[in-house]
There are 2 protein chains.
Amino acid sequence: MIDQTTPDSIPLIRSLGQAARQAQAYLSMAPDSQKTAALLAAATALRAASAEILAANAADMAASVDLGAALRDRLFLDEKRLEAIAASLEMIAALPDPVGGIIAEWTQPNGLHIQRVRVPLGVIGIIYESRPNVTIDAGALCLKAGCAAILRGGSEALRTSRALHAAFVSGLVIAGLPAAAVQLVPTADRAAVGAMLTQADLIDVIIPRGGKSLIARVQADSRVPVLAHLDGNNHVYLHAAAHPEKALAIVVNAKMRRTGVCGAAETLLIDQAIAGKILPRLIETLHEKGCELRGDDAVQAFSPLVIPATLEDWGTEYLAPILALKVVAGLDDAIAHIARYGSHHTDAIVTEDPAAAADFLARVDSAIVLHNASTQFADGGEFGMGAEIGIATGRLHARGPVGVEQLTTFKYVVHGTGQVRK
Amino acid sequence: MIDQTTPDSIPLIRSLGQAARQAQAYLSMAPDSQKTAALLAAATALRAASAEILAANAADMAASVDLGAALRDRLFLDEKRLEAIAASLEMIAALPDPVGGIIAEWTQPNGLHIQRVRVPLGVIGIIYESRPNVTIDAGALCLKAGCAAILRGGSEALRTSRALHAAFVSGLVIAGLPAAAVQLVPTADRAAVGAMLTQADLIDVIIPRGGKSLIARVQADSRVPVLAHLDGNNHVYLHAAAHPEKALAIVVNAKMRRTGVCGAAETLLIDQAIAGKILPRLIETLHEKGCELRGDDAVQAFSPLVIPATLEDWGTEYLAPILALKVVAGLDDAIAHIARYGSHHTDAIVTEDPAAAADFLARVDSAIVLHNASTQFADGGEFGMGAEIGIATGRLHARGPVGVEQLTTFKYVVHGTGQVRK
């Protein structure tokens, strides 16, 4: 995906970046009503342009017959998917505006009044793969947060992205906002991605959306700070005091509700004290639902449906109906396993013992830790944030779901009456 | 400062990093009383070891006779400076513990209770130059925030840093905390710095402290996220409705209180409407205090004490008794100048017009914006944060003073009663 920059790619990205900077200065002062109007107008424009958009998508699909079925499914749009994209614009329009909110304020003994005020994060570069809906969702979230966006989608979706972007821009223009608030890199030249990663004076943050290899390469190469969304190798730990019915329901949901999402559970850890009581029925239920089960020796002893797990299984994000299972000696053993193999995304404990829960929640170093709930709640919408660009697994700035609020930063506003420092 | 990594430097830094990870896991659960006890014991140990520390410093000073006077002054310790370092340990010990604080909490309609809880940022790499006090201050701030620190000071201060670090570690050990909570890179080999910048799995954040060239190279080379503290090319803008006495006091303080700090003003912008009323006396006062004045044509017309400014002056952080002065047409002109030449650190407006102040504070995109107060208040202590590692000028995570709270991140802690996702 990322190639060396070419002589042409740097001037192209710099000209997009300079336009984005100007647009962002304007956006940072735009009232919420204007941003909302733009998003609603974009939704209307999107519906009105559905024939053109679907035609562009059909052309992309026709040109991508050599791609795999999963990739082609991600690329594909129909009326229903397009309507969902338009509806997401309306949902984002209705979110509260985070800009200008006072996060904290206090007065110093010398009378200086200090406010920490929320401001847009700046110019965001989004690098993504084939899902055309990201063009609209990411652009809309950035706009709502007062950020300018430079979108670089997959080359296989370029016709679709262009058609979607044109509708979005018409919404901006109708509301009187600068068209450069959300720009699409207009070329399939992969060097453009490399160029984006070098322009730290014009792009404030890069958010990569896509597979592991894309994100790893962006992280390795970027001179611009990256908000990373890495893999979710998530665990459910059934503690000795787990309620059997809750345990069964949570594990089945965490693994099987949707297996391709980053909040899906990949490894089940079960306390040896309750393995006999819970595992046979759990294994049977998961097997019936089509889940492949890979266990250590202790787990295999409970059922012939379990095949042997290898060391590699503990570190694998399957994103598929496969579950790794391991019997652990207790809470410390479970926490140590998660520390060693987890990806700091989302991990859950099932227990009726509040002290064990508190210990797990404090010691497991993941963006999201849950007690008696499914890992599939790892989602900005489920957290009440309305929409998200993804789940950040880094430690700086944002952790967990990245919604409009996480696309802001702050400044200190200080009011004095002539104070000077001694 | 930063050289290529050598075959030896990577294993050294990895072994420090692995020890730091283990220590940090312990620290993240340590109660405030234990961290406080360690810091107080370190202050006691520092005072008890003052003879050894001053002897080590004398050896560093003797070995650095070829360095410039400014660098040698930074390196130098005496009883008084050592006592200030010990007192800063006690001050940091007394700060409130940020870890475990609940930043926000809410309950979703499905009954899930979501808390955003403050946790330590992790393992922090501090790369600094000759000031030995950073060894103690940075280590203490990290410890209070539950972070492990890997300190890499200037090679010219290595004997002093080792002696200070030994006292700090004895405080850790007395309080029962792991010695690896705060480690000093034990070699003057510059390749160690390059090695630190590559170990993103073991070091969570790099904080460089020092001159522009060090920071720029760290930013350019680091694979680990950097909390940057860049230059403060700070402006004071005297608006048409500025109070003349406040204006005079603020400009003199902002420029001359201490000229070598990052919050010092470097450029004065003055509204043409009040230039005649304010400039002659202001220029005379600054000149009497030993400040060199460099102005545009309009400023020069007010006084023969002003020498011509060049384009370069607008972008220069002097850190010296030199002030650039420019007459502007009004608020928009002042804001445009700051946007073009400023460094997004600290900028102030002096005016009795609240609407003009609000406009300036909203539109100037700097970490700290002030109304009727000196830019020299840009300091964690003056903000009530107790102590700071520096003033962050980046947009991600922390902006403005970086104190103990800014050395934390958060996790989401979710309590359910068996919820699964639909």
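Residues numbered from 1 in each chain as written. Chains lettered and ligands numbered in written order. Predicted model: local features only at pLDDT ≥ 70, side-chain atom pairs only at ≥ 80, totals over all residues. Heavy atoms only, no water.

### A look at the overall build of chain A
Secondary structure summary: chain A contains 15 helices and 16 strands in total. For chain A, whose C-alpha radius of gyration is 24 Å, the value lies close to the compact-globule estimate of 22 Å for 422 residues. By residue count, 58% of the 422 residues in chain A fall in the buried class. Across chain A, contacts joining residues at least 24 apart in sequence account for 73% of those joining residues at least 6 apart. (Helix = DSSP H or I, 4+ residues; strand = E, 2+ residues; numbered from the N terminus. Rg over C-alpha atoms; globule rule 2.2 N^0.38 Å. Buried < 20%, exposed > 50% of the residue type's maximum accessible area, 1.4 Å probe, protein only. Contact = heavy atoms within 4.5 Å.)

### Things to note about the sheet that holds strand β5 (residues 182–184) of chain A
Residue and element names in this part refer to chain A. Strands sit in the order β5-β4-β3-β6 across an open sheet of 4 strands; the sheet is parallel. Each edge of the open sheet is held by one strand with a lone partner, namely β5 and β6 (205–209). Taking each pair of neighbouring strands and ignoring which way they run, the sheet shows an average axis angle of 20 degrees. By the bridge criterion, 5 bridges tie strand β3 (residues 123–128) to strand β4 (residues 148–152) in an arrangement that is parallel. The residue bridging V123 from the neighbouring strand is A148, located in β4. On top of the sheet, helix α1 (residues 9–27) reaches β3, β4 and β5; it is set at about 145 degrees to β4, its chief contact. Strands in contact with helix α6 (residues 133–144) are β3, β4 and β5; relative to β3, the strand with the most contacts, it is inclined by about 165 degrees. (Pairing = 2+ DSSP bridges. Axes fitted to C-alpha atoms, helices over the stretch in contact; angles between N-to-C directions.)

### Digging into the pairing of strand β9 (residues 292–295) of chain A
Residue and element names in this part refer to chain A. Burial along β9 is one-sided: L293 and G295 are buried, and none of E292 and R294, which face the opposite way, are. Relative to strand β11 (residues 322–328), β9 runs parallel, the two sharing 4 bridges. Looking at the pairing, R294 lines up with A324 of β11. Examined bridge by bridge, β9 and strand β10 (residues 306–308) share 3 bridges and lie parallel to one another. Within β10, the residue paired with R294 across the bridge is I307.

### With respect to the pattern of salt bridges
Within this structure, the stated rule accounts for 42 salt bridges over all chains. The salt bridge partner of A:E382 is B:R421, with a shortest N-O separation of 3.2 Å. Separated into two different chains, A:E382 in the loop between β13 (368–373) and β14 (390–392) and B:R421 in the segment after β16 (408–419) make up a pair that spans both. For A:E382, a relative accessible area of 22% translates into the label partly exposed. The shortest N-O distance in the salt bridge between B:R294 and B:E292 comes to 2.7 Å. Where salt bridges share partners, they join A:R47, A:E83 and A:E90 into one cluster. (Salt bridge = Lys/Arg side-chain N within 4 Å of Asp/Glu carboxyl O.)

### Details of the interface of chain B and chain A
Listed as interface residues are 69 residues of chain B and, on the opposing side, 69 residues of chain A. Both faces combined, the contact of chain B with chain A buries some 5500 Å², and carbon together with sulfur accounts for 52% of it. At the surface where chain B touches chain A, the tally comes to 4 salt bridges. Counting the contacts that link chain B with chain A gives 52 residue pairs in polar contact (both at pLDDT 80 or more). Those elements that place two or more of their residues in the side of chain B that touches chain A are β2 (113–120), α9 (212–221), α10 (244–256), α15 (354–363), β13 (368–373), β15 (400–402) and β16 of chain B. At 11 residues, the largest contribution of residues to the side of chain B that touches chain A is made by β16(B). Of the residues contributing to the side of chain B that touches chain A, the split by class is 31 nonpolar, 22 polar and 16 charged. Examined bridge by bridge, strand β16 (residues 408–419) of chain A and β13(B) share 5 bridges and lie parallel to one another. (Buried area = accessible area lost by both parts, 1.4 Å probe. Polar contact = N/O pair within 3.5 Å; in protein donor to acceptor, adjacent residues only side chain to side chain. Nonpolar A, V, L, I, M, F, W, Y, C, P; charged D, E, K, R; others polar.)

### Some words on the packing of helix α2 (residues 32–48) of chain B against helix α6 (residues 133–144) of chain B
Residue and element names in this part refer to chain B. The interhelical angle for the contact between α2 and α6, taken along N-to-C directions, is 165 degrees, at an axis separation of 10 Å. The angle between α2 and α6 places the two elements in the roughly antiparallel class. Crossing angle aside, the handedness with which α2 passes α6 is right-handed. Counted together, D32, K35, T36, A38, L39 and L46 of α2 and I136, A140, L143 and K144 of α6 form the full contact between these two elements. (Parallel < 35°, antiparallel > 145°, perpendicular 65-115°, else oblique. Left-handed = near helix turned anticlockwise from the far one by under 90°.)

### Side note on the sheet that holds strand β3 (residues 123–128) of chain B
Residues and elements named next belong to chain B. Read from one edge to the other, the open sheet built from 4 strands follows the order β5-β4-β3-β6, with strand pairing classed as parallel. The open sheet has two edge strands with one neighbour each: β5 (182–184) and β6 (205–209). Ignoring which end each strand starts from, the neighbouring axes of this sheet average 20 degrees apart. The pairing of β3 with β6 spans 5 bridges and is parallel. Residue pairing for β6: G125 is matched across the bridge by I206. On top of the sheet, helix α1 (residues 9–27) reaches β3, β4 (148–152) and β5; it is set at about 145 degrees to β4, its chief contact. α9 contacts β3 and β6 of the sheet and is inclined by roughly 160 degrees relative to β6.

### Observations regarding the confidence of the model for chain A
Scored by pLDDT, chain A comes out at a mean of 94, with 98% of its residues at no less than 70. For this predicted complex, the interface score ipTM comes out at 0.93, alongside a pTM of 0.92. (pLDDT = per-residue confidence, 0-100.)

### A look at the pairing of strand β11 (residues 322–328) of chain B
All names here are of chain B. For β11, the tally of buried residues reaches 7 of 7 residues, placing the bulk of the element in the interior. Side chains I322, A324, K326 and V328 of β11 all project onto a buried face; the interleaved residues L323, L325 and V327 project onto the opposite face, where all are buried too. Here strand β8 (residues 265–271) runs beside β11; their pairing, made up of 5 bridges, is parallel. Considered in β11, the bridge of T267 is made with A324.

### Some details on α6(B)
Residue and element names in this part refer to chain B. Counted at 1.5 Å a residue, the expected span for α6 with its 12 residues is 16 Å, and the 17 Å between its end C-alpha atoms agrees. With 10 of its 12 residues buried, α6 lies for the most part within the structure. If you check which residues of α6 are buried, you get V134, T135, I136, A138, G139, A140, L141, C142, L143 and K144. Just downstream of α6 lies G146, where phi reads positive at about 75 degrees. (Expected span 1.5 Å × (residues − 1).)

### Some points on the state of the cysteines
Residue and element names in this part refer to chain A. By the definition in use, this model includes 0 disulfides over all chains. Not part of a disulfide, C147 finds its nearest cysteine sulfur in C142, a span of 5.6 Å. Taking the relative accessible area as the measure of exposure, C147 reaches 0% and is therefore buried. Looking at C262, it has no disulfide partner, and the nearest cysteine sulfur is the one in C291, 18 Å off. (Disulfide = S-S within 2.5 Å.)

### Side note on the relation of the copies chain B and chain A
If you rotate chain B by 180 degrees and push it 0.0 Å along the axis, it lands on chain A with an RMSD of 0.0 Å. Both copies of the chain, as the preceding transformation shows, are related through a two-fold rotation axis. Considering only C-alpha atoms, the residue of chain B closest to the rotation axis is B:H397, which sits at 1.8 Å. Comparing interface residues between copies, 100% of those in chain B also sit at the interface in chain A, which points to an isologous, same-surface contact. (Least-squares fit on C-alpha atoms with pLDDT ≥ 70 in both.)

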